[in-house]
Amino acid sequence: MRLNSIPIQELSKQTGITVRTLRYYDQIGLLIPASKTPGKHRIYSDAELRKLQQIQFLKKLGFSLQEISDMISSREWNWSTSLMNQLDFVHKEQRKLSQMESALRAVLHSIAVEGETSWAVIQKLIQLSGQDPSLKQSFRNQMFDEREVEMLSLLPNMNSADPDSLEWIALLGQLKRLMEDSPDSPDVQRIVRRMDEKRLEHFEEEDSFVDKLWEIRKSPDQSEQMGLYPIEQELLAFMERAFDIYVTRKEEQQTERGETS
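What counts, and where the lines are drawn
Residues numbered from 1 in each chain as written. Predicted model: local features only at pLDDT ≥ 70, side-chain atom pairs only at ≥ 80, totals over all residues. Heavy atoms only, no water. Buried < 20%, exposed > 50% of the residue type's maximum accessible area, 1.4 Å probe, protein only. Helix = DSSP H or I, 4+ residues; strand = E, 2+ residues; numbered from the N terminus. Arc of directions from axis to C-beta. Contact = heavy atoms within 4.5 Å. Salt bridge = Lys/Arg side-chain N within 4 Å of Asp/Glu carboxyl O. Pairing = 2+ DSSP bridges.

A.B. asks: With reference to specific residues and values, describe helix H2 (residues 19–27).
C.D. replies: What H2 keeps buried is the set Leu 22, Tyr 25 and Asp 26. Down the axis of H2, the sector holding all buried residues measures 100 degrees, keeping them to one side. Facing away from the buried surface of H2 by more than 90 degrees, the exposed residues are Arg 20 and Gln 27. For H2, the secondary structure elements touched by its buried residues are helix H1 (8–15), strand E2 (35–36), strand E3 (42–44), helix H3 (46–60) and helix H4 (65–73). Just downstream of H2 lies Gly 29, where phi reads positive at about 80 degrees.

Encoded structure:
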């Protein structure tokens with residue numbers, strides 16, 4: 001056996017490529033061994049090892065075995081064109097994966113709000129994702145002025161993983177699970193207080209904008225045109241009653257502090 005002769009098992013150990021895969025490469029003519037022993041065992045040389053390393057590298061770039069075979073065997077292969085085409089393919093796949101990630105987050109977040117998963121929940125997301133973005137933007141431009149349209153980007157997003165959106169989703173889910181309680185119960189009021197604190201973080205002194213947004217949210221048709229996640233009317237009504245109680249108590253406390261001082 002020559003010094004540079006490498007049995008198939010040894011080549012497999014060196015490269016991490018399984019013996020089965022090496023045999024398949026031989027069958028399709030992609031990597032033919034330098035020779036075979038009388039017992040038909042495949043033997044490779046340093047040249048095949050280098051070629052296998054090329055194959056591994058090109059596979060990492062996402063090329064198919066047929067493409068790799070053509071690239072390795074051709075002396076006039078246009079590498080620039082191939083690499084640019086592959087880069088374009090990767091960008092498209094990244095966009096697909098990003099859309100898939102966004103959809104998965106939306107499903108998980110809807111479960112956090114609804115407290116369960118069902119086709120009714122999925123149907124809400126299908127309805128939301130099927131909207132024409134241009135019509136949604138047109139409605140927003142119609143309902144809000146330019147400054148307010150910019151503020152819409154601060155709203156929680158069901159497809160987002162930012163901490164602010166995640167907290168809003170968690171609070172909404174908690175509120176829904178307390179709908180059998182009274183809207184003035186301590187647990188409900190605690191959630192509403194935190195919601196109001198978060199409102200003030202982004203929209204303090206923007207009462208007109210918040211009121212307009214809330215009226216749109218309470219209208220199923222306008223909420224859909226706006227592209228907002230569809231929240232059931234019962235939960236919206238419960239939230240409104242809880243907020244009314246919270247605001248009344250807050251004003252009373254402010255009045256008492258004013259009288260005391």
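A.B. asks: Tell me about the pattern of salt bridges, residues and numbers included.
C.D. replies: A complete count under the given rule lists 17 salt bridges for this structure. For Lys 92, the salt bridge identified is with Asp 88, shortest N-O distance 3.4 Å. One end of the pair is Lys 92 and the other is Asp 88, both in helix H5 (residues 79–114) and 4 residues apart, which spans about a single turn. Under the relative-accessibility criterion, Asp 88 is labelled partly exposed at 38%. Here Arg 194 makes a salt bridge to Glu 201, at a shortest N to O gap of 3.4 Å. On the accessibility criterion, Arg 194 (25% relative accessible area) is partly exposed. The partly exposed category is assigned to Glu 201, whose relative accessible area is 47%. Among the charged side chains, a network of salt bridges with common partners joins Asp 164, Glu 167, Arg 194, Glu 197, Lys 198 and Glu 201.

A.B. asks: Would you mind going over the sheet that holds E2 in detail, with residue names and values included?
C.D. replies: Read across the open sheet, the 3 strands follow the order E1-E3-E2; overall the sheet is antiparallel. In this open sheet, the two edge strands, each paired with only one partner strand, are strand E1 (6–7) and E2. Both E1 and E3 contribute to a ladder of 2 bridges, which runs antiparallel. What sits directly across from Pro 7, in E3, is Ile 43.

A.B. asks: Mind laying out the side chain of Ser 223, listing which residues take part and the relevant values?
C.D. replies: Inspection of the secondary structure puts Ser 223 in helix H12 (residues 220–226). If we ignore the near neighbours within four places in the chain, the residues touching Ser 223 are Ile 216, Arg 217 and Leu 228.

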